[in-house]
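# Working through the structure, step by step
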Amino acid sequence: MKLISIGFGSYIAPSRVIAAADPESNPIKRVVTYARDNGKLVDATYGRKTKTVLIMDSGHVILCPLTPETVAQRMEEKPEAASRDEST
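Residues numbered from 1 in each chain as written. Predicted model: local features only at pLDDT ≥ 70, side-chain atom pairs only at ≥ 80, totals over all residues. Heavy atoms only, no water.

### Some points on helix 1 (residues 26-37)
The first and last C-alpha atoms of helix 1 sit 16 Å apart over 12 residues, in line with the 16 Å expected at 1.5 Å per residue. Looking at the buried positions of helix 1, the neighbouring elements they touch are strand 3 (17-21), strand 4 (41-43), strand 5 (52-56) and strand 6 (61-64). Immediately beyond the C-terminal end of helix 1, within one or two residues, lies Gly39, with a positive phi of roughly 70°. (Helix = DSSP H or I, 4+ residues; strand = E, 2+ residues; numbered from the N terminus. Expected span 1.5 Å × (residues − 1). Contact = heavy atoms within 4.5 Å.)

See the structure below:
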């Protein structure tokens, strides 16, 4: 399973992400409040400003300190060259 870093030693499985959204919109604020009330909120910001809200297929909501663009870029990256070297 491929994992990507979302900052400060936190990792997610990109195949489980449904959406990466801006935390400033009112509908996303309601999603965050609902997740907090139901024990489905994971705060991975370590006290930093939330720049992205990740909605997972399990119903969990993850607060992330990275921008949505950075998260999307990390999700699209190909495996490192080191994985090719392991086959030799």
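Next comes the rest of the account.
### Let's talk about the pattern of salt bridges
With the rule as written, the count across this model stands at one salt bridge. Of the charged contacts, one joins Asp57 and Arg16 as a salt bridge, the two residues approaching to 2.7 Å between their closest N and O atoms. With Asp57 in the loop between strand 5 and strand 6 and Arg16 in the loop between strand 2 (10-12) and strand 3, this pair connects stretches of sequence that are 41 residues apart. (Salt bridge = Lys/Arg side-chain N within 4 Å of Asp/Glu carboxyl O.)

### What to know about the environment of Ala13
Secondary-structure assignment places Ala13 in the loop between strand 2 and strand 3. A relative accessible area of 10% places Ala13 in the buried class. Taking C-alpha positions, Ala13 is 9.1 Å from Met75, a pair spaced 62 residues apart along the chain. When residues no more than four places from it in sequence are discounted, the contact partners of Ala13 are Met1, Lys2, Leu3 and Met56. (Buried < 20%, exposed > 50% of the residue type's maximum accessible area, 1.4 Å probe, protein only.)

### Some thoughts on a nonpolar patch on the surface
Residues Met1, Leu3 and Tyr11 make up a contiguous nonpolar surface patch of about 430 Å² in total accessible area. Checked against the element boundaries, Met1 lands in the segment before strand 1 (4-7). On the basis of relative accessibility, which here comes to 87%, the residue Met1 falls in the exposed class. (Patch = residues over 30% accessible without salt bridge, like charges linked within 9 Å, V, L, I, M, F, W, Y side chains within 5 Å. Areas by Shrake-Rupley, 256 points an atom, 1.4 Å probe, with all protein chains shown as cover.)

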